[in-house]
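Per-entry structural report
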Amino acid sequence: DLYAKAFRVPPDRFRFVSYCVRTDALHAENWPAFVSEVPYVLAAGRNRDFETFIAAMGDTPFRGIIVGGEADRDKLKSVLPANIEAHFEIPFRQYRAYIAGATAFVVPLFANRVTRSLGQIATFEAVARHVPVIAARGIQLADYFATDKEILFYKPGNPDDLRRQIERVMSDSALRTDLTKNAYIRMMKEYTDEQYTKRLLQICSE
């Protein structure tokens, strides 16, 4: 509907093709080792709702790490809470190192803001390393993964709801295992580059 309105063409002219995981993300040698003595929750991406993440983490005993783009730097408070650190425009290998070492990965998307960054690539990166994902429920990721079976969703802009989901993941190792296993199976079944290409070719043939 969004694209139909933007381009002024009927909605049935569009076909949804889900995106795919980067092939190199599936190989362990492309992930640098990262060891942290303290478990942490990672929130990463550009144009993210980091304010909600910061508010959610404020009353918890958990360590938080933010990885964002240069445009996100000015949007964050000048002084972060003691349990959160932020990094901007870091090298890709360092970004992957933070993902690999995380206990949970948060994709703090805005509720109704349409941006180029919709969270799929970041989510696939975490799923590839078997890191449980918590994402804002919006127009972006609900078509990709099932609630409470593959990833956890929270109400966008609601720090209390996000805090509850963070506490669930950080305190329940069995839940982390189930989420990562199920999400990985779903990704490898539906969101590989082979499946992506197959769907594109099918649409072209039609």
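Note: the structure precedes this text.
To keep things clear, this report deals only with the structure shown in the data block. (Residues numbered from 1 in each chain as written. Predicted model: local features only at pLDDT ≥ 70, side-chain atom pairs only at ≥ 80, totals over all residues. Heavy atoms only, no water.)

**Topic: the pairing of strand β5 (residues 133-136)**
Within a regular strand, side chains alternate between the sheet's two faces. Threshold: Burial status follows relative accessibility: with a 1.4 Å probe on protein chains alone, a residue under 20% of its type maximum counts as buried, one over 50% as exposed, and anything between as partly exposed. Helix and strand definitions follow DSSP, with helices as H or I runs of at least four residues and strands as E runs of at least two, each counted in order from the N terminus. For two strands to pair, DSSP has to find at least two bridges joining them.
Neither face of β5 is open: one carries Val133 and Ala135, the other Ile134 and Ala136, and all of them are buried. When strand β4 (residues 104-107) meets β5, the two strands line up parallel, connected through 3 bridges. Counterpart to Val107 in the pairing with β5 is Ala135. Judged from the 3 bridges that link them, β5 and strand β6 (residues 152-154) form a sheet pairing that is parallel. When the bridges of β6 are listed, Ile134 appears paired with Leu152.

**Quick notes on the sheet that holds β4**
We apply this condition: Only the stretch in contact is used when a helix axis is fitted, and all axes are lines through C-alpha atoms; the angle between N-to-C directions ranges over 0 to 180 degrees. Two residues qualify as a contact provided that any one of their heavy atoms is within 4.5 Å of a heavy atom in the partner residue.
Across the sheet, 6 strands lie side by side as β3-β2-β1-β4-β5-β6; this open sheet has parallel pairing. Edge positions in the sheet fall to β3 (84-88) and β6, since each of these pairs with one other strand and no more. Between one strand and the next, the sheet's axes are offset by a mean angle of 20 degrees, whatever the strand orientation. Packed on one face of the sheet, helix α2 (residues 50-57) meets β1 (40-44), β2 (63-68), β3, β4 and β6 and runs near 170 degrees to β2. On top of the sheet, helix α4 (residues 92-101) reaches β1, β2, β3 and β4; it is set at about 140 degrees to β1, its chief contact.

**Things to note about the pattern of salt bridges**
Which entries qualify depends on this criterion: Definition used for salt bridges: Asp or Glu carboxyl oxygen within 4 Å of a side-chain nitrogen of Lys or Arg.
By the definition in use, this model includes 13 salt bridges. For Asp59, the salt bridge identified is with Arg163, shortest N-O distance 3.8 Å. Linking Asp59 in the loop between α2 and β2 with Arg163 in helix α6 (residues 159-171), this pair joins segments that are 104 residues apart in sequence. Of the charged contacts, one joins Glu70 and Arg73 as a salt bridge, the two residues approaching to 2.9 Å between their closest N and O atoms. Here the residue Glu70 and the residue Arg73 both occupy positions in helix α3 (residues 70-73), the gap between them amounting to 3 residues, near one helical turn. Residue classification places Glu70 among the partly exposed positions, given a relative accessible area of 42%. For Arg73, a relative accessible area of 38% gives the class partly exposed. Here the residues in one salt-bridge network are Arg22, Asp24, Arg96 and Glu125, joined through shared partners.

**A short note on the nonpolar core**
The cut-off we apply is this: The definition of a nonpolar core used throughout is a set of buried Ala, Val, Leu, Ile, Met, Phe, Trp, Tyr and Cys residues joined through side-chain atoms within 4.5 Å.
Counting 56 residues, the largest nonpolar core has Leu42, Phe53, Phe105 and Ile166 as the members making the most contacts within it. Excluding its chain neighbours within four sequence positions, the residues that come into contact with Phe105 are Leu42, Ala44, Tyr95, Ile99, Ala122, Thr123, Ala126, Val131, Pro132, Val133 and Ile134.

**Section: the packing of aromatic side chains**
Note the threshold: Geometry of aromatic contacts follows a simple scheme: Phe, Tyr and Trp rings, the Trp one being its six-membered ring, pair when their centres are within 6.5 Å, and the pair is stacked under 30 degrees between planes, edge-to-face over 60, tilted otherwise. Throughout this description, the term charge over a ring refers to an Arg CZ or Lys NZ atom that lies within 6 Å of the ring centre and within 35 degrees of the ring normal.
Going through the model one piece at a time under the given rule, you end up with 11 aromatic pairs. Both rings, one in Tyr144 and one in Tyr191, keep their centres 5.1 Å apart while their planes meet at 50 degrees; by these two values the pair is tilted. In this pair, Tyr144 sits in the loop between β5 and β6 while Tyr191 sits in the loop between α7 (173-190) and α8 (193-205), placing the two residues 47 residues apart along the sequence. Across the pair, Tyr191 and Tyr144 agree in class, each one buried. Every member of this aromatic cluster is reached through a ring pair, and the members are Phe16, Phe124, Tyr144, Phe145 and Tyr191. The ring of Phe153 carries Arg137 above its face, with NZ or CZ at 4.5 Å from the centroid.

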